[in-house]
Structures are given as C-alpha cells and as structure tokens.
Amino acid sequence: MNEEISNIRVRFAPSPTGPLHIGGVRTALYNFLFARKHKGTFILRIEDTDQKRFVPGAEKYILDALNWCGLTPDEGPDMGGEKGPYRQSERKEIYLSFAQQLLESEHAYYAFDTPEELDEMRNKMKASGVLSPTYNSITRSSMQNSLTLGMDEARKRIDSGDSYVIRIKMPRNQEIKFNDKIRGWVSVNTNHIDDKVIYKSDGMPTYHLANVVDDYLMEITHVIRGEEWLPSAPLHVFLYQCFGWSSKMPVFSHLPLILKPDGNGKLSKRDGDRLGFPVFPLNWRASDQNEIFSGYKEQGFYPEAFVNMLAFLGWNPGTEQEIFSLSDLISEFSLDRVGKSGSKYDYEKTKWFNQQHLRLKSDSEIFETITELDNSIVEKFSREYILQVISLVKERAIFDLDILKEGSCFLFNEINFDDSAVNKKWNPAFIPHLKSLSDKLFAINEFAEKNIERVFHDYLQQHNLGLGKIMPMLRIATTGRLAGPSMFRSLEIMGKEKMLNRITEAIDTIKNG
Ligand code: GLU
C-alpha cells in the first residue's frame, strides 16, 4: 500500500439527492482532517450523474452545511481549482472516451436488453434456484449484447437508434484484492460481482465509472468514504486495473457505520424525527414539501461541538481527552485510530459536548450571541451587569438560550413563581422572618456575596432557624424558583433594592394569589 503521506488529495463526493445527513458530514470531516493534517487538498465533487434523483437545493445545502462546520473545501464547484469542473454533470464528455477505451480493450460491452427481457432472465434464474440473479459472466451469454450479437450488429443497432447501455465485463473466477486502511485486506472473487452498467444511453456514466475516472483525473490519493461503499470497491479496483492505472490507485478507507441509539441498524434520515433529535446539520425543507427536518444549527448547537461529537463517532485519540477544537482535531487525527465497528449515536452526549464548548467560551463571546438572540436586554441593562449574569449561570447552561432562561430573573423584570416550588416550600408561618431577614440584608453597607452570606447565617443562628426553612423562601421570592446558582452571589448581582422589592412583592402576590 502506498503509505507515503505527501501531496495528499482527498475528496468528499456527495450526490445532491437530499440534505446531507450526519453520516455524510462525518465523512467530509474525516477527509478534511486528513487533508489538513498532511497539508493536502480537500476537494468537493458533486456526483450528480443520476438526474432522476436530483433534488433542487441539495447542492447549496451541502455547501452551507460544510461552511457552517468550518470544513470549507479547497477545490470545488464554487471555489474552482485546476482539476475542474467539479460537478459531474459538467464533465459528461469526459466519461464517454473512457467508456470507449474499455470497449476497445474488451473490458466492457454494449447491452440492449429491455426491462422485460431483464425480468424474464431473472425470473428464469429464480425458477432454477438462483436466489439473487444478476447480469454476470454466466447470464450475459444468453442476453442481447455485443458479445452475443457481434460488434457489427451492435453498432448497427446503435446507429438505428436502439437504446443501449455499456456494461463492465467481469472475468470469471479471479480474486480482486486491496488493502483497506481501516479493514485490512479485502478479497472478493469476481464470480460474486455482476456486470454493472457503467454508461447509459442518455449519455451519462453511472456512479462507478464517473467516480473512478474522476478520482484518477483529480489525482485523488486517498478515498475516505462510508462503509456502504465497501461492496463497490472491488469493482473500482478492477476498473483501475482495466485502465492500467493500478499504480495510481488511491488508498481506500471505508469508515464504520453510525448506528441508531436504540438498536443496531444504521442511523437513518428518518430516525431523527422518530427519536427526537436532528440528523441533519441545518434545517432542511424540500421545495415540494411542507415538512421541515430540524438541524443542529437551528437547535442551538455550536458547530465546533457538533464537529467534536462527530469526530468521536468512529475515531478516538487514544487518550482520555474528549474536548477538541477543529485545530486540535487536525493535529490529532489519524486514520489508524478509526475503528472497524459501528458507533452508536448518543444525543445526550452531543448535548454534553455543547455544554463543554459553551464553558470554554468567554463571557464576552456569550454576550455577543445572547444579545443577538434577544436584543432587548442591552437596552435595559449595562454590559457589565449582563456579563455578571452570564458568568453566574454559565455552568448551568447547555445552549446559549439557556443563559437567557437561567438568567431570566436577572434579565427580565417580571418573575413568575414556580407553583410547585411555592406549594412545596412557601410557608406563610415564616413570612415575618423573611421580612426581618430582608431588612437586615438591606441594611448591609457593602452588598457583596460574603457579607450577605454572613448576615444571613447570623440571622439563622440568632433565631435558631434551620437553613431548609428560610433559604427556599428567599430563593422563591427573589428568583421565582427553587433551583439556581449561588443564592448570595445572585442577590449581590440583583442588588439590594431589587431584592427588597421582590421579597415584598412575593409576600403580597403569593399570599393573595
Ligand atoms: N456519490 C457517492 C455518495 O453519494 C460517493 C461515494 C464515494 O465517496 O465514492 O456518497
């Protein structure tokens, strides 16, 4: 295997048949990391030869998703490059000459079979006990093709406008071997490979031909793609042999599957909505449908957390470290540490990654994002005050939006008393204590966390009161809830006027309500 790591060129080659699902983004990510790590080139190639499956908007979605994740290609349809065009539909003319080359070297042949004739062959084979019949080195001898009709007759039929395809001619009983970087040696007997269509009469190549020709012409050194393409790899290796390009064959790496959280199957596009989490990086709405599929971006995930999570679905650094920025991933990533077995997707863990990345952000970075989410707070409060609230509630947040929720009693003047907290812990018998405690706190000169804490505890001691009686009432009165960050720091940030007003209001509202 070619182990030399120089002039690396890798490609991410999605088909624009719909939005990119997280498995596709992971493939793009591993290609990107591998390229950046080895100072190579990351190429985006749009494989749109199957016009029937083309979905408008899908290509733009792919590019937007890559950009959001920070995986911007070096060469591609929008950014150009020396080996373009990068959209296969714009390379149509290129493929015909390669298909002809295979016809001339007798590695391929024309076939004219109609859908009915193909069905008839399959039915006959099934009747004679073949479970999954294919067009192959045995069945082709009884079909309508240039091998059975002769080349002259075949050309006549083509000239008279008959519809045809070009099929690869798989040899009988040969071993095709290649060394996959993740799976090791893979060996398949050609008897198990059918004579795949490589070129269609609509003038379009099929995936196999276009993919191999483009990898060769674009000088791709490493093919890193999902496990679902492993069954196609022997045919691709065979095509390299037919063209005489074996010495230029890329190193193959077939990535493990991403599995459903609740079973063993592959995580599918439908699982997200079924299980309540997104499977797409960005929201997706097909032009002909009303349904919107949710995306990580719109759910409030940071791209760096999403990418960090994806990196771990199949790869690990071999250490305990889990939190990586994109540039840390670039320096640590290696295909040697990509496993063979599938990784289960875990939504809770994805949220955990977001929480960890949120904690890495500075308060002023979070200030920028939350004021974008709700600009009204900058009109009401000073930047300094908002920064104090951010630092107070940051530890309790998973998303930026949680900062606004957790900090709502500081950032919005109205507070709503949580009914269950009131039912559980609001005891009218202690209202006189709450009142005189608040007077004592209000009298503090330097209204700071430490002093508040001291006065609070002194009061409890003097009156022989347990913490569990008065603290929850103080919390409910000033924040509306029972859970929250440090009470004393919360009061300091709130200020003593607001504290006193809230306690007075709470006593009134809760008593009357
Ligand atoms: N067009 C294929 C896809 O949609 C590319 C497979 C490959 O990378 O060879 O995933």
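The structure this text deals with has already been given above.
Everything numeric in this text was worked out from a predicted model, so none of it was measured.

Analysis parameters
Residues numbered from 1 in each chain as written. Predicted model: local features only at pLDDT ≥ 70, side-chain atom pairs only at ≥ 80, totals over all residues. Heavy atoms only, no water. Near = heavy atom within 4 Å. Polar contact = N/O pair within 3.5 Å; in protein donor to acceptor, adjacent residues only side chain to side chain. Areas by Shrake-Rupley, 256 points an atom, 1.4 Å probe, with all protein chains shown as cover. Nonpolar A, V, L, I, M, F, W, Y, C, P; charged D, E, K, R; others polar. Helix = DSSP H or I, 4+ residues; strand = E, 2+ residues; numbered from the N terminus. Buried < 20%, exposed > 50% of the residue type's maximum accessible area, 1.4 Å probe, protein only. Contact = heavy atoms within 4.5 Å. Salt bridge = Lys/Arg side-chain N within 4 Å of Asp/Glu carboxyl O. Phe/Tyr/Trp six-rings, centres within 6.5 Å; stacked < 30°, edge-to-face > 60°. Lys NZ or Arg CZ within 6 Å of the ring centre and 35° of its normal. Axes fitted to C-alpha atoms, helices over the stretch in contact; angles between N-to-C directions. Left-handed = near helix turned anticlockwise from the far one by under 90°.

**Student:** Is there a simple way to think about the site of the ligand in this case?
**Tutor:** As a matter of local geometry, the ligand sits amid Arg11, Ala13, Pro14, Ser15, Glu47, Tyr207, Asn211, Arg225 and Trp229. The separation between a nitrogen atom of the ligand and a polar main-chain atom of Ala13 is 2.8 Å. Contact between the ligand and Tyr207: an oxygen atom at 2.9 Å from a side-chain N or O atom of the residue. Surface burial for the ligand is 84%, taken as the share of its 300 Å² of free accessible area covered by protein chains. Counted by class, the shell around the ligand contains four nonpolar, two polar and three charged residues.

**Student:** Looking at this structure, I do not really get the environment of Asp262. What am I missing?
**Tutor:** The residue Asp262 is located in the loop between strand S10 (258-259) and helix H9 (271-275) in this model. Relative accessible area serves as the criterion here: at 45%, Asp262 is assigned to the partly exposed category. Between the alpha carbons of Asp262 and Asp400 there is a distance of 28 Å; along the sequence they are 138 residues apart. Among all residues touching Asp262, those that are not within four sequence positions of it are Arg274 and Leu275. At 3.3 Å, the side chain of Asp262 forms a polar contact with the side chain of Arg274.

**Student:** Whenever I open this one, the pattern of salt bridges confuses me. Can you help?
**Tutor:** Think of it this way: side chains of opposite charge can pair up when their charged atoms draw near. Per the stated rule, a full pass over the model turns up 31 salt bridges. Between Arg45 and Asp214 there is a salt bridge, with the nearest N and O atoms lying 3.9 Å from each other. Of this pair, Arg45 sits in the loop between strand S2 (41-44) and helix H2 (58-69) while Asp214 sits in helix H7 (residues 207-217), placing them 169 residues apart in sequence. Taken individually, Arg45 and Asp214 each receive the classification buried, so the pair is uniform in this respect. Each of Arg11, Arg45, Glu47, Arg91, Asp214 and Asp215 takes part in salt bridges that share partners, so that together they form one network.

**Student:** Would you take a moment to explain the environment of Phe312 for this structure?
**Tutor:** Mapped onto the elements of the fold, Phe312 is located in the loop between helix H10 (303-311) and helix H11 (326-332). Considered as a pair, Phe312 and Val338 are 26 residues apart in the sequence and their alpha carbons are 9.2 Å apart. Apart from residues no more than four positions distant in its own chain, Phe312 is found in contact with Pro317, Gln321, Glu322, Phe324 and Phe353.

**Student:** Just to check I follow, could you spell out the packing of aromatic side chains for this structure?
**Tutor:** Counted under the stated rule, the structure contains 28 aromatic pairs. Measuring from ring centre to ring centre gives 5.9 Å for Trp315 and Phe333, while their planes differ by 35°; the resulting arrangement is tilted. Here Trp315 is found in the loop between H10 and H11, whereas its partner Phe333 is found in the loop between H11 and strand S11 (343-344), with 18 residues between them in sequence. In terms of burial, Trp315 and Phe333 fall into one category: buried. Put simply, the rings of Trp68, Phe277, Tyr296, Phe301, Phe306, Tyr345, Tyr347 and Phe399 pair up and form one aromatic cluster. The side chain of Arg26 reaches across the aromatic face of Tyr30, ending 5.5 Å from its centre. When the ring centre of Phe112 is taken as reference, the NZ or CZ atom of Arg157 above it lies at 4.7 Å.

**Student:** Can you walk me through the packing of helix H21 (residues 467-479) against helix H22 (residues 487-494) in this structure?
**Tutor:** How two helices sit against one another is set out by the angle between their axes and by the gap between those axes. Running from N to C, H21 and H22 cross one another at 35°; their axes reach a closest spacing of 11 Å. For the element pair H21 and H22, the recorded crossing hand is left-handed. Counted together, Met471, Leu474, Arg475, Thr478 and Thr479 of H21 and Met487, Phe488, Leu491 and Met494 of H22 form the full contact between these two elements. Looking at side-chain class alone, the contact of H21 with H22 contains six nonpolar, two polar and one charged residues.

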